[in-house]
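Here is how the chains run, residue by residue.
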Amino acid sequence: MHQYLKAIGFNNIHTKNDLKKLLESVQNEFTHQTIVSYRPNEDFCEMRKEYGQCVGISLCGELDEQEKFELDYYFPYFEGSGISTYAEIAVERKIETEQYVGMCEDSKIGISLIFTLQNGLEYMRERQAGFATDITTSVTLSGLALAGMILLPVIKDERQLKSEQEASDNRKMLLNAARNGDQTAIETLTLDDIDIYSQVSRRLEKEDVFSIVDTYFMPYGVECDLYSIMGEILAVRRRKNAATGIELYQMKLNVNELQFDVCVPVAEVMGEPEIGRRFKGTIWLQGCINF
């Protein structure tokens, strides 16, 4: 069963029989359905059921000539808000299923972001129409977390904030130049990284690491779409899973100047989230391409 069902409030799924009943409920009482023809005499179908604001479960599989649905895969989803990035996107199909992952390189993060595509059937439709060969649109990212921790913010004055913003803008320019093969930019970034490492090493002797690092975005484990993050809370709201009654936090975060929403069960968060504080946790990253 999917590990991140707990992230949207389904902590009562313990056996395969429990999971079977839940998936049958989605199939029989879906709130959204999308169908795409992708083979002769076969359609690919997605059924979604909402279990609260912006959260739900998606079933994907084939419809035969008798319109009998055969499940291929399922996943819990959390729909984010706003625009996270306008970076160029590459989409690849997974080997074993008709499921898609997206990848984009945003200069604010400095690494390639890989995410599970929420609107895979919409991508299939756009690809069939010939509109998805060179995707230059926006992406709305979101994350599901099983647990998290709330940290206090790092207090800074205006001079420090201005200095950090200038350094960030300069680094983004250097990263873009390095991607285009600028050797000077590559050497400058290497020297900057060495300087940062030596400064952090000196400060760690007397300071805590979370008072030095404001936010971070790092790959986690062996799964390509899992990330360890820490980000500033820009907004927080409390929602409830309509089926189980489990309360969820839905937070908008600023992580390395990248903004996206995260959903996590209230009971699994250590501390009280408030605007300006920081959230630290591991997320399963999802994304919706805005065609």
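By convention here, each chain's residues receive numbers from 1 onward along its written sequence. Where totals are concerned, whole chains, interfaces and linings use all residues; where local detail is concerned, this predicted model gives features only for residues with pLDDT of at least 70, and gives and counts side-chain atom pairs only at 80 or more. Excluding hydrogens and water, the side-chain figures rest on all heavy atoms present in the structure.

Account for the overall build of the protein chain, with residues named and values stated.
Regarding its fold elements, the protein chain presents 5 helices and 14 strands. Rg of the C-alpha trace for the protein chain: 21 Å, near the compact-globule value of 19 Å for 291 residues, within the 12% margin. Referenced to the eigenvectors of the C-alpha coordinate spread, the extents of the protein chain come out at roughly 65 × 45 × 30 Å. Of all 291 residues assigned to the protein chain, the portion counted as buried reaches 41%. Put simply, of all contacts in the protein chain between residues at least 6 apart along the chain, 61% involve residues at least 24 apart. Carbon and sulfur atoms make up 50% of the accessible area of the protein chain, which amounts to about 15800 Å² in all. Within this scheme the basic residues Lys and Arg register as positive and the acidic residues Asp and Glu register as negative, but His and the chain ends are omitted. Each charge is placed at NZ for Lys, CZ for Arg, CG for Asp and CD for Glu. For the protein chain, the distance from the average site of its 30 positive side-chain charges to the average site of its 46 negative ones is 5 Å. Each helix is a run of H or I in the DSSP string that is no shorter than four residues. Each strand is a run of E no shorter than two, and both are numbered from the N terminus. We take the radius of gyration over the C-alpha atoms and set the globule estimate at 2.2 Å times the residue count to the 0.38 power. Relative accessibility thresholds used throughout: buried, under 20% of the residue-type maximum; exposed, over 50%; partly exposed, between the two (1.4 Å probe, protein chains only). Residue contacts are defined here by distance: any two heavy atoms, one from each residue, within 4.5 Å place the two residues in contact. Only the protein chains shown count as covering a residue, and every accessible area follows the Shrake-Rupley method with a 1.4 Å probe.

I'd love a proper account of the sheet that holds strand β3 (residues 55-63), names of residues and values included.
In any sheet, the strands associate via hydrogen bonds between backbone groups, in a parallel or an antiparallel arrangement. Two strands make a pair as long as DSSP finds a minimum of two bridges between them. Pairing within the open sheet is antiparallel, and its 4 strands lie in the order β1-β2-β3-β4. The sheet is open, and its two borders are formed by β1 (32-39) and β4 (69-78), each paired with just one other strand. The sheet shows a mean angle of 20° between the axes of neighbouring strands, direction not considered. Sheet analysis places β1 next to strand β2 (residues 42-52), joined by 7 bridges and oriented antiparallel. Among the inter-strand pairings, S37 is bridged to a residue of β2, identified as D43. Only the contacting stretch of a helix is used when fitting its axis, a line to C-alpha atoms as for every element, and angles between N-to-C directions run 0 to 180 degrees.

Let's hear about unusual backbone geometry: which residues, and what values?
Residues other than glycine seldom take positive phi values, yet N256 does so here, at roughly 50°. Along the chain, N256 falls in the loop between β11 (247-255) and β12 (258-265).

Tell me about the state of the cysteines, and name the residues and values.
In what follows, a disulfide is any cysteine sulfur pair within 2.5 Å. Summed over the entire model, instances satisfying the criterion amount to 0 disulfides. As a non-bridged cysteine, C45 has C60 as the owner of its nearest cysteine sulfur, 8.1 Å distant. According to the relative accessible area criterion, C45 is buried, its value standing at 0%.

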